[in-house]
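# Structural characterization, general
As a plain string of letters, each chain reads:
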Amino acid sequence: MTTFNGKIGGNEFKVGIVVARFNAFVTQQLLAGAQASLEQHGVNAKDIDVAWVPGAFEIPLTVQKMIATKRYDGVIALGAVIRGATAHFDYVCSGVTTGVMTVSLATDTPVMFGILTTDTIEQAMDRAGFKSGNKGADCAVSLLETLDVQRSLEA
Ligand SMILES: Nc1c(NC[C@H](O)[C@H](O)[C@H](O)CO)[nH]c(=O)[nH]c1=O
Ligand SMILES: CC(=O)[C@@H](O)COP(=O)(O)O
């Protein structure tokens, strides 16, 4: 039996990050966490590109566009969808979730889901480095591990 376990190190990987500007007080923290974690694990800063989009709903299309350039080994999607007074939250969350997964599978490219979907601002801030870790940093590690597993499987 062969077991594939991804190592977490990325000095040869090129990474794209797509981040939503909506709730930027949160998403800026997610981005900082992702960038810091990528570099801590060996990814060169010059190999990390960042694309800003208005909101989470625009993330999937821009991820698709980034992948189409063939410049990136993987992508991290970052956003913060925080529930308001209407059902809009549900549709944005559904759209970005389905969109990111669809693009990842259709392009055979790892796309990490770093979109916070919370009921309160406090929950979002807690997951952007204030109390419950940083989802952006988590996605960075997950991307490097996923890329290494993919490389092992393709070997
Ligand atoms: N309410 C949030 C949004 N809404 C905006 C949408 O994502 C989209 O930009 C708009 O509907 C235009 O297509 N976006 C977030 O990222 N977070 C929210 O809490
Ligand atoms: C997630 C959203 O779209 C939400 O923040 C918008 O707020 P509202 O539902 O009050 O319009």
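Our subject is the structure listed above.
The model shown is predicted, which means the values in this text are computed figures rather than measured ones.

Moving on, we get to the site of ligand 1. The immediate surroundings of ligand 1 are formed by Phe-22, Asn-23, Gly-55, Ala-56, Phe-57, Glu-58, Ala-80, Val-81, Ile-82, His-88 and Val-92. In the model, an oxygen atom of ligand 1 is placed 2.9 Å from a nitrogen or oxygen of the Ala-56 main chain. With the chains in place, 75% of the 430 Å² that ligand 1 exposes on its own is no longer accessible. Secondary structure elements with two or more residues in the shell around ligand 1: strand 3 (74-82) and helix 3 (88-107).

A word on the packing of helix 2 (residues 59-68) against helix 3. Two elements in contact, helix 2 and helix 3, have axes separated by 8 Å at closest approach and are oriented at 20°. When the axes of helix 2 and helix 3 are compared, the pair comes out roughly parallel. Judged by the twist between their axes, the crossing of helix 2 over helix 3 is right-handed. On helix 3, the residues touching Ile-59, Pro-60, Val-63, Gln-64 and Ile-67 of helix 2 are Gly-95, Val-96, Gly-99, Val-100, Val-103 and Thr-107. Of the residues belonging to the contact of helix 2 with helix 3, the class tally is seven nonpolar, four polar and no charged.

The next point concerns the side chain of Asn-23. Residue placement: Asn-23 occurs in the loop between strand 1 (15-20) and helix 1 (24-40). Asn-23 sits in the buried class, given a relative accessible area of 19%. Those residues in contact with Asn-23 that lie beyond four places of it in its chain are Ala-80 and Ile-82.

Parameters and conventions
- The residue count restarts for each chain, going from 1 along the sequence in the order it is written.
- Chains and ligands are labelled by the order in which they are written, letters from A for the one and numbers from 1 for the other.
- Only residues with pLDDT of at least 70 get local features here, since the model is predicted, and only at 80 or more are side-chain atom pairs given and counted; chain-wide, interface and lining totals rely on the full set of residues.
- Side-chain metrics rest on all non-hydrogen atoms present in the structure, leaving aside hydrogens and water.
- Each residue is tested against the molecule or strand, and it is near if at least one of its non-hydrogen atoms lies within 4 Å.
- Throughout this description, a polar contact denotes any pair of N or O atoms lying within 3.5 Å of each other; where both atoms belong to protein, one of them has to be capable of donating a hydrogen while the other can accept it, and for residues adjacent in sequence the pair is counted only when both atoms sit in side chains.
- For every accessible area listed, the method is Shrake-Rupley and the probe measures 1.4 Å; residues are considered covered only by the protein chains on display.
- Here a strand is any run of E in DSSP of at least two residues, a helix any run of H or I of at least four, and the numbering for each starts at the N terminus.
- Axis lines are fitted through C-alpha atoms, for helices just across the contact stretch, and the angle between N-to-C directions can take any value from 0 to 180 degrees.
- In these notes the angle categories are as follows: under 35 degrees is roughly parallel, over 145 is roughly antiparallel, 65 to 115 is roughly perpendicular, and the rest is oblique.
- In this scheme the crossing of two helices becomes right-handed for a clockwise turn of the near helix relative to the far one and left-handed for an anticlockwise turn of less than a right angle.
- Between two residues, a contact is recorded if the distance between any of their heavy atoms is within 4.5 Å.
- Ten residues, namely Ala, Val, Leu, Ile, Met, Phe, Trp, Tyr, Cys and Pro, are considered nonpolar, four, namely Asp, Glu, Lys and Arg, are considered charged, and the remaining ones, Gly among them, are considered polar.
- Buried means the residue's accessible area, taken with a 1.4 Å probe over protein chains only, is under 20% of the maximum for its type, while exposed means over 50%, and partly exposed covers the values in between.

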